[in-house]
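# Survey of secondary and tertiary structure
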Amino acid sequence: MQTIKVGISACLLGDEVRFDGGHKRSAFCANELGRHVEFVKLCPEVGIGMPVPRPTIRLEAHENGTRAVVPKTGEDVTERLIGFAERATPHLQQISGYVLCAKSPSCGMERVKLYDPATGHAQKEATGIFAAQLQQRYPALPLEEDGRLNDPLLRENFVMRVFVYAAWQALGSQPKKSAVLGFHTSLKLLLLAHNQQAYRIIGRELAEQQEMTNEFLRHYIETLMAALSKPATRANHTNVLQHIQGYFSDQLGHDERAELSEAVLAYRNGIEPLLVPLTLLRHYQRLFPNDYLAGQRYLNPYPNDLKLRYGL
């Protein structure tokens, strides 16, 4: 399997590159996710030549849009940060996801303070300049902030999307329709857990295509990743679990079927985590192999030792 590359704000891996000379090391990224991906670390502010430590930058609302300004000097570094994103393109085209530093005027993904330069008042409503460039240039790319990764649901969702996007990239820039169909089929249960309507729409659009044009491929993956970015609900997971359960109805005895049904219902009622019925289903998949289920990413969307479904 090819190495999965993930972009990351350098300070989240412990590099002392923040404005105050410190870092914001993420234990999950450094100790857990880092065992399965190769990080591509960047610091836009250092990348444009600013020193460490350095004067703070803040986002300001001006007539010509949101600007990144050094309050101490009034210097506007917006275009330099945009230029950094352009220069970083060769590295960014290889990555399958990006972990951003929260609240940063360059890397914050959401709720970054936006100042009124006349009053000095701020609202948490902006996106960092570099983060905004990522969103615009790579709309299908999974993005997440370090702070939000503390939420088990958001953490699991981000890592799942990274592995799905990496699988898409592995198809190459001009995949044949058969390859895209195979990829889409492998995601059926995942999509049903996250967005049932999107699964039906995307599948119909794919079936109707005679040729895999660049325009359609771009539309397909952007629509797909947007659908997967919505965390799966307990109700949708339950429907998928019961769907998988049906594949083993003929092989299981009465007591085994009852045990599996109880595990699924216990999950639905919030008594057991998702991992409990999934463990039983994986066990039965090993005992009674089913080719269709073996090709579904839902059962094993990422390495199990990341323990991402323990708290779901």
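Note: the structure precedes this text.
Here's a quick rundown of the structure. Model, not experiment: these values are computed from the prediction.

## Notes on the pairing of strand β8 (residues 122-126)
The pairing of strand β7 (residues 112-115) with β8 spans 4 bridges and is classified as antiparallel. Looking at β8, one finds that Y115 is bridged to A122. Between the end of β7 and the start of β8, which pair antiparallel, lie 6 residues, with G120 showing a positive phi angle near 80 degrees.

## Remarks on the sheet that holds strand β3 (residues 58-62)
Reading across the sheet, the 5 strands line up as β5-β4-β3-β7-β8 and stay open at both edges, with mixed pairing between neighbours. What marks the edges here is a single partner per strand, and that holds for β5 (75-76) and β8. With respect to the sheet, helix α3 (residues 78-87) is in contact with β4 (65-70) and β5, its orientation differing from that of β4 by roughly 100 degrees.

## What to know about the layout of surface pockets
Its volume calculated, the largest pocket comes out at about 680 Å³. Considering the residues around the largest pocket, the lining is formed by 33 residues, among which R18, A102, K103, S104 and P105 are closest to the centre. Mapped by element, the contributors of at least two residues to the lining of the largest pocket are α2 (44-47), β3 and β7. The element contributing the most residues to the lining of the largest pocket is β7, with 3 residues. A per-class count over the lining of the largest pocket returns 17 nonpolar, 4 polar and 12 charged. Roughly 540 Å³ of volume is contained in the second largest pocket. Along its surface, the second largest pocket is lined by 19 residues, and Y165, W168, L217, R218 and I221 are the ones closest to its centre. Listed by contribution, the elements that provide at least two residues to the lining of the second largest pocket are α6 (152-169) and α10 (214-228).

## What about the pattern of salt bridges?
Inspection of the entire model under this criterion finds 12 salt bridges. Notably, a salt bridge pairs D146 with K24, separated by 3.4 Å at the nearest N-O pair. One end of the pair, D146, is in the loop between β9 (143-145) and α6; the other, K24, is in the loop between β1 (5-9) and α1 (27-32), and 122 residues separate them in sequence. On the basis of relative accessible area, D146 is assigned to the buried category, the value being 12%. For D305, the salt bridge goes to R35, with nearest N and O atoms at 2.8 Å. In this pair, D305 is assigned in the segment after α14 (291-294) and R35 in the loop between α1 and β2 (38-42), connecting sequence segments 270 residues apart. Through salt bridges with shared partners, a single ionic network connects E32, R35 and D305.

## Examining empty space enclosed by the protein
One pass over the structure, following the stated rule, counts 1 cavity of 30 Å³ or more. Quantified by volume, the largest cavity comes out at close to 70 Å³. Looking at the largest cavity, the residues that line it are L153, E156, L190, H194, P231, A232, H237, L274, R309 and L312. Of all the secondary structure elements, the ones that give two or more residues to the lining of the largest cavity are α6 and α8 (188-194). Here the residues of the lining of the largest cavity are counted per class, giving 6 nonpolar, 2 polar and 2 charged.

## Thoughts on the sheet that holds β9
Spatially, the 4 strands line up as an open sheet ordered β2-β1-β6-β9, and their pairing is parallel. This sheet does not close on itself; its edge strands, each paired only once, are β2 and β9. Strand-to-strand twist across the sheet, computed as the mean angle between neighbouring axes with direction ignored, equals 25 degrees. Direction of pairing for β1 relative to strand β6 (residues 98-100): parallel, over a ladder of 2 bridges. Bridge assignment links I8 to a residue of β6, and that residue is V99.

Rules used in this analysis
- Residues numbered from 1 in each chain as written.
- Predicted model: local features only at pLDDT ≥ 70, side-chain atom pairs only at ≥ 80, totals over all residues.
- Heavy atoms only, no water.
- Pairing = 2+ DSSP bridges.
- Helix = DSSP H or I, 4+ residues; strand = E, 2+ residues; numbered from the N terminus.
- Contact = heavy atoms within 4.5 Å.
- Axes fitted to C-alpha atoms, helices over the stretch in contact; angles between N-to-C directions.
- 1 Å grid on protein atoms, 1.4 Å probe; cavity = no way out; pocket = protein on both sides within 12 Å on 5 of 7 lines; lining within 4 Å.
- Points joined across faces, edges and corners; volume = space filled by probe spheres on them.
- Nonpolar A, V, L, I, M, F, W, Y, C, P; charged D, E, K, R; others polar.
- Salt bridge = Lys/Arg side-chain N within 4 Å of Asp/Glu carboxyl O.
- Buried < 20%, exposed > 50% of the residue type's maximum accessible area, 1.4 Å probe, protein only.

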